[in-house]
Amino acid sequence: MIINHPLLGPRDANEFIHLGDESMIDRPDGMGEHAAKNFHEYLYLRDNPAGKYRELWYHEAGDRSWLVVTRDTVTHEIFNVELARDVARSRGRSK
Amino acid sequence: MRYSAFGILKQGLTGNKGWKPVWREPEPKKSYDYIIVGGGGHGLATAHYLAKVYGGKNIAVLEKGWIGSGNIGRNTTIVRSNYGLEGNQPFYEMSLKLWEGLEQDLNYNAMMSQRGILNLAHSDGQRDAYAKRGNAMLMSGADAELLDRAAIQKMCPFLNFDNERFPIKAGLLQRRAGTARHDAVAWGYARSADLHGVDIIQNCEVTGFQMKNGKCLGVQTSKGMIKAKKTAVCVAGASSRVMEKAGMRLPIESHVLQAFVSEGLKPTIPGVITYGAGHFYVSQSDKGGLVFGGDLDGYNSYAQRGNLPVVEDVCSGGMSIMPMIGRARLLRMWGGVMDMSMDGSPFIDKTGIEGLYFNGGWCYGGFKATPASGYCYAHLLATDTSHENASQMRLDRFIRGNMIDEKGVGAQPNLH
Ligand SMILES: Cc1cc2nc3c(=O)[nH]c(=O)nc-3n(C[C@H](O)[C@H](O)[C@H](O)COP(=O)(O)OP(=O)(O)OC[C@H]3O[C@@H](n4cnc5c(N)ncnc54)[C@H](O)[C@@H]3O)c2cc1C
């Protein structure tokens, strides 16, 4: 698989580490209400779809950026690659 | 028809014209007491033990494709009970004991061969960890031996003992471990279940559940609606896709694992060997092919095929520990979809929905579990209580903080 890095261009997926579901960007509030339940869902439960999937990859052997990759889990086709930072910011986060 | 040496002789002398199909191909009835979704090893084993041991009647197994088309027909067939944790080891030892009597129980040749498994250790720390694991195995009634370098040298002179970085320091040997013929396990269980009256219905995909007031009353299938008092899902790599239809999210990700077979060679590898410094395991099939594998590809996949970087990784692991395999040519390779759980251990449990049960999360270790998984799932279905050896394999163990994490890597399915 080739991951089209937004800053570095097309790179071999071998340079990256796969972390998992993109939802891990949205860490629940540990002090908030239902924190235990929310953390259980955040850490352990997954949609695990067959088809389009948004997931976190880490460019370990490159610029060490975190990326959100939209990929098909059935065909391995990659549709879109964004910097995780940009995705988080677009959700109103400061960094 | 019972198989026997006399029967084979008789058929041989009469042109092999008397063999009959091994199981019926019935149309589904309108309703059953038990529906098992998924005709893989675990589903068929569940049907067998439910009918034979627990006296269950009116049972159907619904299989989307054909029996054996899933992971039961795709795995590298290693059978062992060398786990370290309490939640696992007694279960796997129960399974190994069932394997030892399986062919008599099923009257079917599953080619179970106890040729042993040797896990190599390459550092003092790893040797000590294996010593600890061996003790846990002994405490569960399993066999385990810690071998020193000289003993391994005698047993497997072809290994790379002088690798500067990863010298072989010791090995954990389980002599009762081994391999079995994967398809034959599915066929043997299917035949036995069928003889006990179980309807095995192939080409019947479950597309949804019939729910009423939080109760599961049956399943929608490509062959119409079928009612069931109890519905038992057992679909391995498809677990999330099927349980989603019941509104459940699981602590599971689906990942692809590849396997490889070389051309046929003369007998060279005594049993199963695993490399402790890279991820590589190998055995030799009865036909002579080296059967080997290694890591997951590492990203979620339902593709039943992997990519080349892992091929390179597995083969270089093999070259590092067993340089002689560099001369062998690869004959074929394939992938299977693994139900990787968040702690690397499985589930055999009720769900929050009455009448709906779940078995899955087998990762890449579910072949060896087939007999015990079927037995314990049948126990759960028949008695509505967990079998003592599967009592920790619960869906709610994460929220209770009771993970069964053999490797200790946390909620990271691609590392288990
Ligand atoms: C390459 C590879 C190597 C492996 N090596 C080993 C090993 O050496 N040792 C070991 O112990 N384990 C190994 N495993 C793991 C083992 O194969 C699995 O854990 C085990 O087979 C899973 O249980 P099963 O046999 O019931 O799964 P499967 O055979 O996959 O059965 C699930 C069945 O459910 C069916 N199904 C899915 N969706 C539906 C639906 N909607 N309706 C009806 N039916 C449905 C599928 O068609 C399938 O037949 C390996 C796996 C792979 C892929």
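Residues numbered from 1 in each chain as written. Chains lettered and ligands numbered in written order. Predicted model: local features only at pLDDT ≥ 70, side-chain atom pairs only at ≥ 80, totals over all residues. Heavy atoms only, no water.

## Points about the interface of chain B and chain A
Turning to step 1, where the next piece is worked out: The interface of chain B with chain A comprises 24 residues on the first partner and 24 residues on the second.
Turning to step 2, where the next piece is worked out: Here chain B meets chain A over a buried area of about 2200 Å², counting both sides, of which 50% is carbon and sulfur.
Turning to step 3, where the next piece is worked out: A per-residue breakdown of the area chain B buries against chain A is headed by B:Arg249, B:Asn300 and B:Tyr302, which together make up 30% of the total.
Turning to step 4, where the next piece is worked out: Inspection of the chain B/chain A interface yields two salt bridges.
Turning to step 5, where the next piece is worked out: In terms of residue class, the side of chain B that touches chain A is made up of twelve nonpolar, eight polar and four charged. (Contact = heavy atoms within 4.5 Å. Buried area = accessible area lost by both parts, 1.4 Å probe. Salt bridge = Lys/Arg side-chain N within 4 Å of Asp/Glu carboxyl O. Nonpolar A, V, L, I, M, F, W, Y, C, P; charged D, E, K, R; others polar.)

## Let's talk about helix H2 (residues 41-52) of chain B
All names here are of chain B.
Turning to step 1, where the next piece is worked out: The terminal C-alpha atoms of H2 lie 16 Å apart, and with twelve residues this matches the ideal 16 Å at 1.5 Å per residue to within 8%.
Turning to step 2, where the next piece is worked out: In terms of burial, H2 is a largely internal element, eleven of the twelve residues being buried.
Turning to step 3, where the next piece is worked out: For H2, the complete set of buried residues consists of Gly-41, His-42, Gly-43, Leu-44, Ala-45, Thr-46, Ala-47, His-48, Tyr-49, Leu-50 and Ala-51. (Helix = DSSP H or I, 4+ residues; strand = E, 2+ residues; numbered from the N terminus. Expected span 1.5 Å × (residues − 1). Buried < 20%, exposed > 50% of the residue type's maximum accessible area, 1.4 Å probe, protein only.)

## Quick notes on the domain arrangement of chain B
Residues and elements named next belong to chain B.
Turning to step 1, where the next piece is worked out: The domain architecture assigned to chain B consists of domain 1 (23-81 + 84-107 + 182-251 + 345-415) and domain 2 (117-179 + 253-341).
Turning to step 2, where the next piece is worked out: Taken over C-alpha atoms, the centre of domain 1 sits 27 Å from the centre of domain 2.
Turning to step 3, where the next piece is worked out: Facing 31 residues of domain 1, the contacting portion of domain 2 comprises 34 residues.
Turning to step 4, where the next piece is worked out: Between domain 1 and domain 2 lies a buried interface of about 2800 Å² when both sides are counted; carbon and sulfur atoms form 56% of it.
Turning to step 5, where the next piece is worked out: Per-residue buried area on domain 1 facing domain 2 is highest for Arg-74, Tyr-364 and Pro-413; these three make up 23% of the total on that side.
Turning to step 6, where the next piece is worked out: Counting across the interface, domain 1 meets domain 2 through two salt bridges.
Turning to step 7, where the next piece is worked out: The shortest N-O distance in the salt bridge between Arg-176 and Glu-100 comes to 2.9 Å. (Domains from an automatic or database assignment.)

## Concerning helix H7 (residues 182-195) of chain B
Residues and elements named next belong to chain B.
Turning to step 1, where the next piece is worked out: The first and last C-alpha atoms of H7 sit 20 Å apart over 14 residues, in line with the 20 Å expected at 1.5 Å per residue.
Turning to step 2, where the next piece is worked out: With respect to burial, H7 is a largely interior element, twelve of its 14 residues being buried.
Turning to step 3, where the next piece is worked out: Among the residues of H7, His-182, Asp-183, Ala-184, Val-185, Ala-186, Gly-188, Tyr-189, Ala-190, Arg-191, Ser-192, Ala-193 and Asp-194 are the ones counted as buried.
Turning to step 4, where the next piece is worked out: Tucked into the core, H7 has its buried residues touching H2, helix H3 (89-100), helix H4 (102-106), strand E8 (199-201) and helix H10 (366-383).
Turning to step 5, where the next piece is worked out: Downstream of H7 by one or two residues, Gly-197 has phi in the positive range, about 95°.

## Here we look at the sheet that holds strand E15 (residues 289-300) of chain B
Residue and element names in this part refer to chain B.
Turning to step 1, where the next piece is worked out: The mixed open sheet is built from eight strands, whose spatial order is E5-E6-E4-E13-E14-E15-E12-E16. Two strands bound the open sheet, and with one partner strand each, they are strand E5 (145-148) and strand E16 (330-341). Each strand of the sheet is rotated relative to its neighbour by a mean of 25°, with strand direction disregarded.
Turning to step 2, where the next piece is worked out: In terms of strand pairing, strand E4 (residues 117-121) meets strand E6 (residues 170-174) through five bridges, oriented antiparallel. (Pairing = 2+ DSSP bridges. Axes fitted to C-alpha atoms, helices over the stretch in contact; angles between N-to-C directions.)

## Structural notes on the site of the ligand
Residues and elements named next belong to chain B.
Turning to step 1, where the next piece is worked out: In the region of the ligand, 37 residues are neighbours, and Glu-63, Asn-71, Ile-72, Thr-76 and Lys-368 sit closest.
Turning to step 2, where the next piece is worked out: Contact distances for the ligand include 2.6 Å between an oxygen atom and a side-chain N or O atom of Glu-63.
Turning to step 3, where the next piece is worked out: A distance of 3.4 Å separates an oxygen atom of the ligand from a polar atom in the backbone of Cys-363.
Turning to step 4, where the next piece is worked out: Burial of the ligand by the protein amounts to 96% of the accessible area it has alone, namely 990 Å². (Near = heavy atom within 4 Å. Polar contact = N/O pair within 3.5 Å; in protein donor to acceptor, adjacent residues only side chain to side chain. Areas by Shrake-Rupley, 256 points an atom, 1.4 Å probe, with all protein chains shown as cover.)

## Observations concerning the pairing of strand E14 (residues 280-284) of chain B
All names here are of chain B.
Turning to step 1, where the next piece is worked out: Buried residues dominate E14, accounting for five of its five residues.
Turning to step 2, where the next piece is worked out: By the bridge criterion, three bridges tie strand E13 (residues 272-275) to E14 in an arrangement that is antiparallel. Along E14, the bridge assignment pairs Ile-273 with Val-282.
Turning to step 3, where the next piece is worked out: Turn length for the E13-E14 hairpin, with the two strands adjacent in sequence and antiparallel, is four residues.
Turning to step 4, where the next piece is worked out: Pairing geometry for E14 and E15, over four bridges, is antiparallel. Residue Gln-284 lies in a different strand from E15, and its bridge partner there is Leu-290.

## Section: the environment of B:Trp66
All names here are of chain B.
Turning to step 1, where the next piece is worked out: Relative to the helices and strands, Trp-66 resides in the loop between strand E2 (59-62) and strand E3 (78-79).
Turning to step 2, where the next piece is worked out: When its relative accessible area of 57% is taken as the criterion, Trp-66 is described as exposed.
Turning to step 3, where the next piece is worked out: For the pair formed by Trp-66 and Lys-407, sequence separation is 341 residues and the distance between their alpha carbons is 34 Å.

## Topic: the packing of H2(B) against H10(B)
Residues and elements named next belong to chain B.
Turning to step 1, where the next piece is worked out: Between H2 and H10, whose axes approach to 7 Å, the crossing angle comes to 45°. Viewed along their axes, H2 and H10 adopt a mutual orientation that is oblique. Every pair of crossing elements has a handedness; the one defined by H2 and H10 is right-handed. Only Gly-366, Ala-369, Thr-370, Pro-371, Ser-373, Gly-374, Tyr-375, Tyr-377, Ala-378, Leu-381 and Ala-382 of H10 make contact with H2, whose side of the interface consists of Gly-41, His-42, Ala-45, Thr-46, Tyr-49 and Leu-50. (Parallel < 35°, antiparallel > 145°, perpendicular 65-115°, else oblique. Left-handed = near helix turned anticlockwise from the far one by under 90°.)

## Things to note about the packing of aromatic side chains
Two descriptors summarise a pair of aromatic rings, namely the distance from one centre to the other and the angle between the planes of the rings.
Turning to step 1, where the next piece is worked out: Following the criterion strictly, the structure yields 18 aromatic pairs over all chains and no others.
Turning to step 2, where the next piece is worked out: Seen from their ring centres, B:Phe280 and B:Phe292 are 5.6 Å apart, and the 45° between their planes marks the pair as tilted. With B:Phe280 in strand E14 and B:Phe292 in strand E15, this residue pair connects regions lying twelve residues apart in the sequence.
Turning to step 3, where the next piece is worked out: Residue classification places B:Phe280 among the buried residues on the basis of a relative accessible area of 1%.
Turning to step 4, where the next piece is worked out: The exposure class of B:Phe292 is buried, given its relative accessible area of 6%.
Turning to step 5, where the next piece is worked out: The structure contains a cluster of three or more aromatic residues connected by ring pairs, namely A:Tyr44, B:Phe347, B:Phe358 and B:Phe398.
Turning to step 6, where the next piece is worked out: The ring of A:Phe79 carries the charged tip of A:Lys52 above its face, separated from the ring centre by 4.5 Å.
Turning to step 7, where the next piece is worked out: Stacked on the ring of B:Tyr3, the Lys or Arg B:Arg191 has its end atom at 3.9 Å from the ring centre. (Phe/Tyr/Trp six-rings, centres within 6.5 Å; stacked < 30°, edge-to-face > 60°. Lys NZ or Arg CZ within 6 Å of the ring centre and 35° of its normal.)

## Thoughts on the state of the cysteines
All names here are of chain B.
Turning to step 1, where the next piece is worked out: The final tally for this structure, using the stated rule, is zero disulfides over all chains.
Turning to step 2, where the next piece is worked out: For Cys-204, which is in no disulfide, the shortest distance to another cysteine sulfur is to Cys-216 and amounts to 14 Å.
Turning to step 3, where the next piece is worked out: For Cys-204, a relative accessible area of 1% translates into the label buried.
Turning to step 4, where the next piece is worked out: Of all cysteine sulfurs, the one in Cys-234 lies closest to Cys-363, which takes part in no disulfide; the gap is 14 Å. (Disulfide = S-S within 2.5 Å.)

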